[in-house]
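# Summary of the model geometry
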Amino acid sequence: MFGFDGSTKAIVSFLEKIKDNKEGDKLTHKEVRAYGRLMLALLPNLQVDDDEQIQLLLAAISSAGLPHYDRSFAAEQILKLLDEQKQRKLNCPDGF
C-alpha cells in the first residue's frame, strides 16, 4: 500500500510519543486519537502477530473519553507486544 512495507518502526515512534504523554502535556486528546485511528487503519498492513490485541488497544487509544494516562498505558502495552514479537522472531527466525 503506497510503498509501505509493513514495518513497525514508524508506528513504534508514534506509540512512544503517546506513551510519554501521561499528563497530556505533549499531545492533545485530539492528536492522540488521530494517531490511534491512523495506526488502526494501517494495522492490516503491518507485520504483526498479536494483531487482535493490538487492534483492541489501538481502538481504546482512538476512542473518546479516556484520560491521557490510560492512552499512555495502552501504548505501552502495544510496545511490549511488538517487542515480544521481535524477540520471538530473533530467537526463532523460521517462525517455529
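Scroll up to find the structure.
Reading guide: rules and limits
- Residues numbered from 1 in each chain as written.
- Predicted model: local features only at pLDDT ≥ 70, side-chain atom pairs only at ≥ 80, totals over all residues.
- Heavy atoms only, no water.
- Helix = DSSP H or I, 4+ residues; strand = E, 2+ residues; numbered from the N terminus.
- Buried < 20%, exposed > 50% of the residue type's maximum accessible area, 1.4 Å probe, protein only.
- Core = buried A, V, L, I, M, F, W, Y, C linked by side-chain atoms within 4.5 Å.
- Axes fitted to C-alpha atoms, helices over the stretch in contact; angles between N-to-C directions.
- Parallel < 35°, antiparallel > 145°, perpendicular 65-115°, else oblique.
- Left-handed = near helix turned anticlockwise from the far one by under 90°.
- Contact = heavy atoms within 4.5 Å.
- Nonpolar A, V, L, I, M, F, W, Y, C, P; charged D, E, K, R; others polar.
- Expected span 1.5 Å × (residues − 1).
- Arc of directions from axis to C-beta.

Residue position: Lys 86 is located in helix H4 (residues 68–91). Look at Lys 86 and you get exposed, because its relative accessible area is 52%. As a C-alpha pair, Lys 86 and Asp 49 span 37 residues in sequence and 9.7 Å in three-dimensional space.

Turning to its location among the elements, Ala 34 is positioned in helix H2 (residues 29–42). For the pair Ala 34 and Ser 63, spaced 29 residues apart in sequence, the C-alpha separation works out to 9.6 Å.

By size, the foremost hydrophobic cluster in this structure holds 20 residues, and its most contacted members are Leu 15, Ile 18, Met 39, Ile 54, Leu 58, Ile 61 and Ile 78. The set of elements that each furnish at least two residues to this core consists of helix H1 (9–19), H2, helix H3 (51–62) and H4. Ranked by residues supplied to this core, first place goes to H4 with 6 residues.

Quick look at the packing of H3 against H4 now. Two quantities define a packed helix pair, namely the angle between the helix axes and the distance between the axes. Between H3 and H4, the least distance of the axes is 9 Å, while the angle of their chain directions is 160°. In terms of axis orientation, H3 runs roughly antiparallel to H4. The element H3 and its partner H4 pack so that their crossing is left-handed. The segment H3 lies against H4, with Gln 53, Ile 54, Leu 57, Leu 58, Ala 60, Ile 61 and Ser 62 engaging Arg 71, Ala 74, Ala 75, Gln 77, Ile 78, Leu 81 and Leu 82. Residue composition of the contact of H3 with H4, grouped by class: 10 nonpolar, 3 polar and 1 charged.

With 12 residues, H3 should reach 16 Å at 1.5 Å per residue; the first-to-last C-alpha distance of 16 Å fits that figure. The complete set of buried residues in H3 reads Ile 54, Leu 57, Leu 58, Ile 61 and Ser 62. End-on, the buried residues of H3 take up no more than an arc of 135°, which puts them together on one face. Every exposed residue of H3 that faces more than 90 degrees away from the buried side is listed here: Glu 52 and Leu 56.

All quantities given are derived from atomic positions and should not be read as evidence of function.
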